[in-house]
Amino acid sequence: MNTTFGERIRGLRRGKKENQKELASYLGLSQTTIANYENNSRFPNDTTLIKLADYFQVSLDYLLGRTDDSTPFIPLNQQSTKINEEHRFDQGWSSRYLEALIRTDIKEAWRVLVLASQLGNPLQTVYDKILKPALYKAGELWQIGKLDVAQEHFITSETERFIALLRKKPSTITTGPLVVTFAAGDDRHTLGIRMVSSALEEAGYNVMFLGNQLPFNSLHFILSQYPVKVVAMSASHPVYINNISFMVNNMRKNTAFDHINVIVGGQGFHESPDLWKEIGSDAYGEDTNTAVKLVSALLGR
Ligand code: B12
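Here the structure is a predicted model, which is why all the values come from computation and not from measurement.

Conventions adopted
Residue positions are given per chain, counting from 1 as you read along its sequence in written order. Local features in a predicted model are, by the rule used here, given only for residues with pLDDT of at least 70; side-chain atom pairs are given and counted only at 80 or more, and totals for whole chains, interfaces and linings are based on all residues. What counts as a helix is a DSSP run of H or I of at least four residues, what counts as a strand is a run of E of at least two, and both are numbered from the N terminus. Between the first and last residue of a helix there are one fewer steps than residues, each counted as 1.5 Å, and that sum is the expected span. Partly exposed residues are those whose C-beta has more than 12 but fewer than 20 other C-beta atoms within 10 Å; 20 or more makes a residue buried and 12 or fewer makes it exposed, with C-beta atoms placed from the backbone. The arc under discussion is defined with respect to the helix axis, by the directions toward the C-beta atoms. We call two residues in contact if the C-beta atoms placed from their backbones are at most 7 Å apart. Two strands are said to pair when DSSP picks up at least two bridges between them. The crossover handedness rule: strands pointing away from the viewer, path from first strand over the helix to second strand clockwise, crossover right-handed. Every axis corresponds to a line fitted to the C-alpha atoms, with the helix fit spanning only the stretch in contact, and the corresponding angles, defined between N-to-C directions, vary from 0 to 180 degrees. Orientation is classified from the angle alone, with under 35 degrees giving roughly parallel, over 145 giving roughly antiparallel, 65 to 115 giving roughly perpendicular, and any other angle giving oblique. When the near helix sits turned anticlockwise from the far one by under a right angle, the crossing is termed left-handed; a clockwise turn instead gives a right-handed crossing. Amino acids outside the nonpolar list (Ala, Val, Leu, Ile, Met, Phe, Trp, Tyr, Cys, Pro) and the charged list (Asp, Glu, Lys, Arg) are all regarded as polar, and Gly is one of them. For each residue, a C-beta position is placed from the backbone atoms; the residue is near a molecule or strand when that point lies within 6 Å of it. Where each domain begins and ends follows an automated or database-derived domain assignment.

Caption draft 1: Expanded view of helix H13 (residues 241-252). Across its 12 residues, H13 extends 16 Å between first and last C-alpha, which sits within 8% of the 16 Å expected from 1.5 Å per residue. Residues of H13 that are buried include every one of Ile241, Asn243, Ile244, Met247 and Met251, and no others. Down the axis of H13, the sector holding all buried residues measures 160 degrees, keeping them to one side. At its buried positions, H13 is contacted by helix H12 (216-225), strand S3 (228-234), strand S4 (261-265) and helix H14 (275-278).

The following block contains the structure:
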């Protein structure tokens, strides 16, 4: 663990893959001064110290070795929600997230997500524009043999952990309309529908996430016993759409469920834009952002 000021600066600089000259040029100092900082033979003045903290997006306490928490620190004057939208999101975050996990730098991967949130990006943006592209990329790398299945499993399990951490705190959950979510049939790809569930929860819905392999009898039980307003199902591949179609058909046979809306999504629908209509669902959404908009529109909220 880097605990002295010099060690912290060296560690942060190397984490950014920069040399002393690059850091010196940003600060308007000489390379020797940076080398002296890193050797603990010189110490910066207040202004430079704050510049360094801003540059590395860490707290002054972290720089000075008073805490090991390197969670991004955005000073109050930069936390404004008025930050121009185009400056709020960095296109490089998704690959930074994936690269961090490939080298098992869990802390750095989490930093990317916290930074995005602290700069005012909604949870949906974190899911749809950082995590989703990172996982799609991981899938591509796995397919061409550049990522081992073990690395893919690790990336998945860390992403599951982060989704859980990003979810709304139970104490702040509102009792909004009830939405039931699950992945169709044997589809083990549940991250997408978990993200949809979390985004809906964040938007004020009460969400019951039911995993996968749900028999129709169990869905029937839930719909009969709870005041469900929306059922949201996902399919990562067209092969699972039969199961969704089966669920919708059975639901539609029972007039007691007429008021319940059905929305669908996932990669199984990506290639066939009208499939959602053919199987009798009420709407299709391509990501968590659309999922929230669809549910709001269907429920007139
Ligand atoms: C992680 C992963 C796994 C994990 C899943 C773990 C888990 N808990 O989810 C495990 C290891 C289990 C797995 C297994 C398999 N996998 Co896999 N897997 C992936 C990977 C890398 C990421 C999946 C993911 O989470 N994506 C990110 C999420 C966020 O994206 P998403 O699901 O599209 O969700 C977004 C939207 O679609 C939308 N959305 C999703 N659901 C819903 C629902 C509603 C209602 C709405 C409105 C919106 C919505 O919002 C989400 C956020 O934006 C993908 C690569 C890829 N392209 O996705 C391969 C991939 C999907 N897997 C693939 C394969 C082949 C398999 C296996 C068959 C491998 C094998 N031989 O065993 C098995 C199948 C097992 C099974 N029965 O399902 C292939 C599928 C190829 C194909 N089209 O046939 C892919 C594409 C990899 C590849 N490039 O080849 N896999």
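Having seen the structure, we can now continue with the description.
Caption draft 2: How the structure looks around the pairing of strand S2 (residues 206-209). Pairing of strand S1 (residues 178-183) with S2, which is carried by four bridges, proceeds in the parallel orientation. Of the residues in S2, the one forming a bridge with Leu178 is Asn206. With respect to chirality, the unit in which S1 leads through helix H11 (residues 191-202) into the neighbouring parallel S2 is right-handed.

Caption draft 3: Representation of the packing of helix H7 (residues 93-102) against helix H8 (residues 106-118). H8 packs onto H7 with a crossing angle of 155 degrees between their chain directions and a minimal axis gap of 7 Å. Classed by the angle they form, the pair H7 and H8 counts as roughly antiparallel. Considering how the two elements wind past one another, H7 and H8 form a crossing that is left-handed. Between H7 and H8, the residues in contact are Trp93, Arg96, Tyr97, Ala100 and Leu101 and Glu108, Ala109, Val112 and Ala116, respectively. Tallied by class, the residues present in the contact of H7 with H8 amount to seven nonpolar, no polar and two charged.

Caption draft 4: Molecular detail of the site of the ligand. Taken together, 36 residues surround the ligand, and among them Gly139, Gly192, Ser234, Gly265 and Gly285 come closest. Broken down by secondary-structure element, the contributors of at least two residues to the shell around the ligand are helix H9 (123-143), helix H10 (149-166), H11, S3, S4 and helix H15 (288-298). Residues from two domains meet in the shell around the ligand; each of domain 2 (78-166) and domain 3 (170-298) gives at least three.

Caption draft 5: Spotlight on the environment of Glu158. Tracing the chain through its elements places Glu158 in helix H10. Among all residues touching Glu158, those that are not within four sequence positions of it are Leu101, Ile106 and Ala109.

Caption draft 6: Geometry of the packing of H7 against H9. At a closest axis distance of 8 Å, the pairing of H7 and H9 adopts a crossing angle of 55 degrees. Taken together, the axis directions place H7 and H9 in an arrangement best described as oblique. Read as a crossing pair, H7 and H9 show a hand that is right-handed. For the pair H7 and H9, contact is made by Trp93, Ser94, Tyr97 and Leu98 and by Lys129, Ile130, Pro133, Ala134, Lys137 and Ala138, respectively. Across the contact of H7 with H9, the residue classes tally to seven nonpolar, one polar and two charged.

Caption draft 7: View of H15. What H15 keeps buried is the set Thr288, Ala291, Val292, Leu294 and Val295. For H15, the arc enclosing every buried residue in end-on projection is 165 degrees, short of the 170-degree limit, so these residues lie on one face. Residues of H15 that are buried in the fold lie against H9, S1, H11, S3, S4 and strand S5 (283-285). Trailing H15 by a residue or two, Gly300 shows a phi angle of about 60 degrees, which is positive.

Caption draft 8: Highlighting the pairing of S4. Across the five residues of S4, four count as buried, placing the element largely inside the fold. Two elements, S3 and S4, share five bridges in a ladder whose sense is parallel. The partner of Val231 across the bridge, within S4, is Val262. Crossover S3 to S4 through H13 is right-handed. Here S4 pairs with S5 via three bridges, running parallel.

Caption draft 9: Seen up close, the sheet that holds S4. Reading across from one edge, S2-S1-S3-S4-S5 is the order of the five strands in this open sheet, with parallel pairing throughout. Every interior strand has two partners, whereas the edge strands, S2 and S5, have only one. Pairwise comparison of adjacent strand axes, ignoring direction, gives a mean angle of 25 degrees for this sheet.

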